[in-house]
Amino acid sequence: MKRKCFKYSLIFLFTAVLIFIDTILSEEASGHYPFIWSLALIPIIYIINMYPKWKVTIGAGVIYSLLKYTTEFSQKIKPDNSEINALILGSLINWSIALTVGYFIIKSHKLYLKVEELTIIDSLTGAYNRRYLELFMERTIPISKRTNSSLVFMILDIDHFKKVNDNYGHQCGDQALKHTSSIIDNHVRNSAGVFVRLGGEEFAVILPNTDLAEGLIIAERIREAVEKTEFIYKNERIHFTISIGVSIYNEETVEEFIEKSDNALYKAKENGRNQIAIIN
């Protein structure tokens, strides 16, 4: 918030200085005011960098154009044609520069967002990946400590997934992963949680501001939905289930917290699969 206030203050200050300079020097440098107002490109470009969108680019250009004409015409009741032509020409040049720079800034920002997305999104399922999990936990655990709020972590694993691949092929396995992913995502989205693919047939769910009882309810809904929802591949119904390990945060490290859920998952597997196990 402080950084944003500083940026806004800088833009306002630069704009005020620009108007002041133009007002003071307009008579002495009447032939150079297009150059003076070209300095408005600095705050315009700064604004575009803060908010790289076309509507912001055009809006900033319009605002500074209005400031320019208001300032100039308020000083001269009847400007001559040469002064008006100089103003218009200067505006056209400034707009051309602003739109060109804005185009490259917006394009670069879109590419940056795309690259960032590729680094945190699993390409097969569309879920977040392990890297995002690490970033999310680094941000969420300190908040959980500070606010003394509960945090549930669960690891979900498709039972006997190797048999699906062996019996029906890896393409079927990929479709089964997508099918399972969509079910988990539907249940987690409604609970403001985060859904991650850890790798292979393993997924993870992080539920901030959720106690253990609520976490178990969500886990059971996911388990039951996977068990009962039909998965059809090449006109053949394929039945599979998932096991889930659940734990609640208790002041341990991130690695220990994840390991608790992993141990709970092994417990669920050892007890017969298609069930939920807890380590509290």
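Look up a bit, the structure's there.
Values in this document were obtained by computation on a predicted structure and should not be read as measured data.

*Asks:* Looking at this structure, I do not really get the overall build of the protein chain. What am I missing?
*Replies:* When helices and strands are counted, the protein chain shows 10 helices and seven strands. Taking the principal axes of its C-alpha atoms as reference, the protein chain extends roughly 90 × 50 × 25 Å. Here the protein chain, with 280 residues, has 41% of them falling under the buried criterion. Looking at the protein chain as shown, the accessible area adds up to about 16,300 Å², and 58% of this sits on carbon and sulfur atoms. With 31 positive and 32 negative side-chain charges, the protein chain shows a spacing of 4 Å between the two charge centroids.

*Asks:* Which parts of the structure should I look at to understand the sheet that holds strand β3 (residues 202–208)?
*Replies:* Here five strands make up an open sheet; going across it, the order is β2-β3-β1-β6-β7 and the pairing mixed. Two strands lie at the open edges of the sheet, namely β2 (194–199) and β7 (276–279), each paired on one side alone. The mean inter-strand angle of the sheet, taken between neighbouring strand axes irrespective of direction, is 20°. For β2 and β3, the ladder comprises five bridges, and the chain directions are antiparallel. Bridge pairing links V196 to A204 in β3. Its contacts with the sheet place helix α6 (residues 130–147) against β1 (151–158), β2 and β3, and it is angled at close to 135° to β2. Contacting β1, β3, β6 (242–248) and β7, helix α10 (residues 254–270) runs over the sheet at an angle of about 140° to β6.

*Asks:* Got a minute to help me understand the pattern of salt bridges in this structure?
*Replies:* Where charged atoms from two side chains of opposite charge come close, those side chains can pair. In this structure the tally under the stated criterion is 10 salt bridges. A salt bridge links R197 to D122; its shortest N-O distance comes to 3.2 Å. Of this pair, R197 sits in strand β2 while D122 is found in the loop between α5 (81–120) and α6, placing the two residues 75 residues apart along the sequence. The exposure classification of R197 matches that of D122, with both residues buried. As a salt-bridge pair, R237 and E230 come within 2.7 Å of each other at their nearest N and O atoms. Using a relative accessible area of 60% as the deciding quantity, one classes R237 as exposed. With a relative accessible area of 48%, E230 lands in the partly exposed category.

*Asks:* Help me understand empty space enclosed by the protein, please; the structure alone is not making it clear to me.
*Replies:* Inspection of every chain in the model, using the stated rule, returns two cavities of 30 Å³ or more. The space that makes up the largest cavity amounts to roughly 120 Å³. In terms of lining, the largest cavity is formed by W37, A40, L41, I44, G61, Y64, S65, K68, S91, N94, W95 and A98. Elements represented by at least two residues in the lining of the largest cavity include exactly α3 (41–50), α4 (54–75) and α5. Its residues placed into classes, the lining of the largest cavity shows seven nonpolar, four polar and one charged.

*Asks:* I tried to follow the side chain of S181 on my own but got confused; where do I start?
*Replies:* Structurally, the position occupied by S181 is in helix α8 (residues 170–189). Leaving out residues up to four positions away in the same chain, S181 has contacts with T125, A127, F195 and F203.

*Asks:* Honestly, the packing of α8 against helix α9 (residues 212–228) in this entry has me stumped. Any pointers?
*Replies:* Angle between the axes and distance between the axes: these two values describe a pair of packed helices. Taken N-terminus to C-terminus, the directions of α8 and α9 make an angle of 145°; their axes are 10 Å apart at the nearest point. As for the relative orientation of α8 and α9, their crossing is right-handed in sense. Contacts between α8 and α9 involve T180, I183, I184, H187 and V188 on the former and, on the latter, R221, I222, A225 and V226. By residue class, the composition of the contact of α8 with α9 is six nonpolar, two polar and one charged.

Rules behind the numbers
Just so you know, the residues in each chain are numbered from 1, in the order the chain's sequence is written. Reporting in this predicted model follows two pLDDT cut-offs: at least 70 for local features of residues, and 80 or more for side-chain atom pairs to be given and counted; totals over whole chains, interfaces and linings ignore these cut-offs and use all residues. Hydrogens and water are ignored here; the side-chain numbers use all heavy atoms of the structure. Where helices and strands are cited, they refer to DSSP runs of H or I of at least four residues and of E of at least two residues respectively, numbered from the N terminus. Each residue is assigned to one of three classes by its accessible area relative to the maximum for its type, calculated with a 1.4 Å probe on protein chains only: buried under 20%, partly exposed between the two thresholds, exposed over 50%. Areas reported as accessible are Shrake-Rupley estimates using a 1.4 Å probe. Residue values count occlusion only from the protein chains shown. All tallies of charge rest on Lys and Arg as positive and Asp and Glu as negative; His and the ends of each chain are not included. The atom standing in for a charge is NZ when the residue is Lys, CZ when it is Arg, CG when it is Asp and CD when it is Glu. By the convention used here, strands pair only if DSSP detects at least 2 bridges between them. Axis definition: a line fitted to C-alpha atoms, over the contacting stretch in the case of helices. Angles run 0 to 180 degrees between N-to-C directions. The contact definition used throughout considers only heavy atoms, calling two residues in contact when any of these lie within 4.5 Å. Salt-bridge detection follows one rule: a side-chain nitrogen of Lys or Arg within 4 Å of a carboxyl oxygen of Asp or Glu. In this analysis the probe radius is 1.4 Å and the grid spacing 1 Å, with only protein atoms considered; a cavity is a set of points the probe fits into but cannot get out of, a pocket is an open set with protein on both sides within 12 Å along at least five of seven lines, and lining residues have an atom within 4 Å of a point. Grid points are joined across faces, edges and corners, and a volume is the space filled by probe spheres set on the points. Charged means Asp, Glu, Lys or Arg here, nonpolar means Ala, Val, Leu, Ile, Met, Phe, Trp, Tyr, Cys or Pro, and polar covers whatever is left, Gly included. Two helices that cross are described as forming a left-handed crossing if the nearer one is turned anticlockwise from the farther one by less than a right angle, and a right-handed crossing if clockwise.

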